[in-house]
Structure formats: C-alpha cells, structure tokens
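One letter stands for each residue in the lines below.
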Amino acid sequence: GECPICGMDLIPLNQGGTTVIDSDAISMTPEAAQLANVLTTVVSLETPVKKLRLYGKVKADERLIQSQVAHISGRIETLNVSFTGESVSLGQVLGRVYSPELIPAQQELLEAARTREGQPAIYEAARERLRQWKLTDKQISDIETSGKIESTFEIVSNTTGVIISRNVNKGNYVKQGSELFEVADLSKVWVLFEAYESDIQYLKNGEEILFTVMAYPGETYSGRIVFI
C-alpha cells in the first residue's frame, strides 16, 4: 500500500526473506537514502587533511632592513629624503652634514701630501684617518687635488630600498653612530600569520600555503612555511 503520511509506496523491510537484519539497524532503499541525503564511503587508509584559515599581516623581512647611520658628528645642512616611504638606491646622496671635526683632519692630509715622498707613513695615516669617517678614496683624492678644505660632506646611502623610518630633519645635530634612516628592501617580504596553539600540530615547515591580500582582491598567492 501507500504511506499514510507521505504517500510513498510501502516496501517490505526484508524482500528476500533470508537476510537477517539487526533490530537496531535502519534499512533504507537507495531511493530513500538519496531523498534523506545520506552519503557513504568505503572505509580505507588515507592521509588526514585539515584546512586552516588564518589571518596575518604582510611585513618587511627583518633580515633585509638596514640602518643608515651618521659616520661623523655635525649638523645636517641639506636633506634629500623628505618623507617616509621614499625609495633610495645604493650610493645615492641622501644629504650633507657640516662637521668641524673633519677640518683639522683635512689640514693634516694636505700637509702630509706635500711630504708624501719623504714621509709616506704619515701620508697614509692621514688618509686612513679620513677613511675611518667613511670618506671614500675618491672624496679623499678630490681634497688633495683641489687643495681646499671641505666643510660639508655627503651622506651616501649604503643600500637600496624604501625609507621606513626617518629620524632626522634639516638643521639637526647628530653624533657619530646616530641612526638617520631605516631602509628596508621590499623585494622580498614576510607574511606573518597568527595561529592558535591547538593549530600548531597541523603546521609543518616546508608546507605550501595559499593566501590572499585585501589590496589585490581575487588574486591568490602561494608560499612555504619557513618558521613557526
């Protein structure tokens, strides 16, 4: 007959009459299982997979951050870097600093240059003293050639990257070793994700991950875990 509730055809529980069914089991026809959305699979040995969704931030690689320091004490006369985020390149002149300390050192160099034939050791010592203030050999040679004492000297970038911190303004007095700028090479960056302690067991170094960033919606990037 028909089911008084749903109107479906009633099917005998055991059509064959020989199969023994557990009294606690539920038996369903393929059609009934499909209507009930029952899914089954064959038991087998598999590698377990767990999908994690983590949130994080893109940051500069700390290994590619360098500090631009003042090699001589003095006053910042000119500054060619005006804002954070500006790009600089290796060897670029970032500004000029007035340093009275270098005046006597240059005088010693010019005097030693006149007697370099007879006293080469003193001449080399005078050049080496200027090298300690990070003056290049070209700058030292220019002083010798011109015979003039320079009162200001260039601040030359020691790396290529983006200014992420500017700690000096025009007119500031700086000491030797003071940090003027912090420069980051952004050709490679870190993506730092926050994971719960319970998720650590599912994360392994070398595993590939996929991630997206809000700045470029629809784009998917990949990387590998290198540190936990």
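Refer to the structure above for everything that follows.
Presented here is a report on the structure given in the accompanying data block.

## Regarding the overall build of the protein
Tallying secondary structure elements over the protein gives 4 helices and 12 strands in all. The globule rule puts the C-alpha radius of gyration for 228 residues at 17 Å, and the 37 Å found for the protein is more than 25% above it. Principal-axis analysis of the C-alpha atoms gives the protein an extent of 125 × 35 × 25 Å. A burial count over the protein gives 22% of its 228 residues as buried. When the accessible surface of the protein is totalled, it reaches about 17000 Å², and 53% of it is carbon and sulfur. Taking the 22 positively charged and 30 negatively charged side chains of the protein as two groups, their mean positions are separated by 13 Å.

## Quick word on the sheet that holds strand β2 (residues 65–69)
Backbone-to-backbone hydrogen bonds pair the strands of a sheet. The strands run either parallel or antiparallel. With antiparallel pairing, the 4 strands of this open sheet are ordered in space as β2-β9-β7-β4. Strand pairing shows two members of the sheet lacking a second neighbour, β2 and β4 (87–88), which therefore form its edges. Across 2 bridges, the pairing between β4 and strand β7 (residues 161–166) is antiparallel. Bridge pairing in β7 links V88 to G161.

## A short note on helix α4 (residues 137–146)
When α4 is considered as a whole, its buried residues turn out to be Q139, I140 and I143. Seen end-on, α4 carries its buried residues on one side only, within an arc spanning 100°. When the buried face of α4 is taken as reference, the exposed residues oriented beyond 90 degrees from it are K138 and T145. On its buried face, α4 is in contact with α2 (102–114), α3 (120–131) and β6 (152–156). G147 lies just past α4 and shows a positive phi near 70°.

## With respect to unusual backbone geometry
Notably, N37 is not glycine yet its phi reads approximately 60°, a positive angle. When you line up the elements, N37 lands in the loop between α1 (30–35) and β1 (55–60).

## Overview of the sheet that holds β6
Strand order in the open sheet formed by 4 strands is β6-β5-β3-β8, and the pairing between neighbours is antiparallel. Among the strands making up the open sheet, the edge pair consists of β6 and β8 (173–174). Where strand β3 (residues 74–79) and strand β5 (residues 93–98) come together, 4 bridges link them in antiparallel fashion. What sits directly across from R75, in β5, is Y98.

Definitions and limits used
- Residues numbered from 1 in each chain as written.
- Predicted model: local features only at pLDDT ≥ 70, side-chain atom pairs only at ≥ 80, totals over all residues.
- Heavy atoms only, no water.
- Helix = DSSP H or I, 4+ residues; strand = E, 2+ residues; numbered from the N terminus.
- Rg over C-alpha atoms; globule rule 2.2 N^0.38 Å.
- Buried < 20%, exposed > 50% of the residue type's maximum accessible area, 1.4 Å probe, protein only.
- Areas by Shrake-Rupley, 256 points an atom, 1.4 Å probe, with all protein chains shown as cover.
- Lys, Arg positive; Asp, Glu negative; His and termini not counted.
- Charge placed at Lys NZ, Arg CZ, Asp CG, Glu CD.
- Pairing = 2+ DSSP bridges.
- Arc of directions from axis to C-beta.
- Contact = heavy atoms within 4.5 Å.

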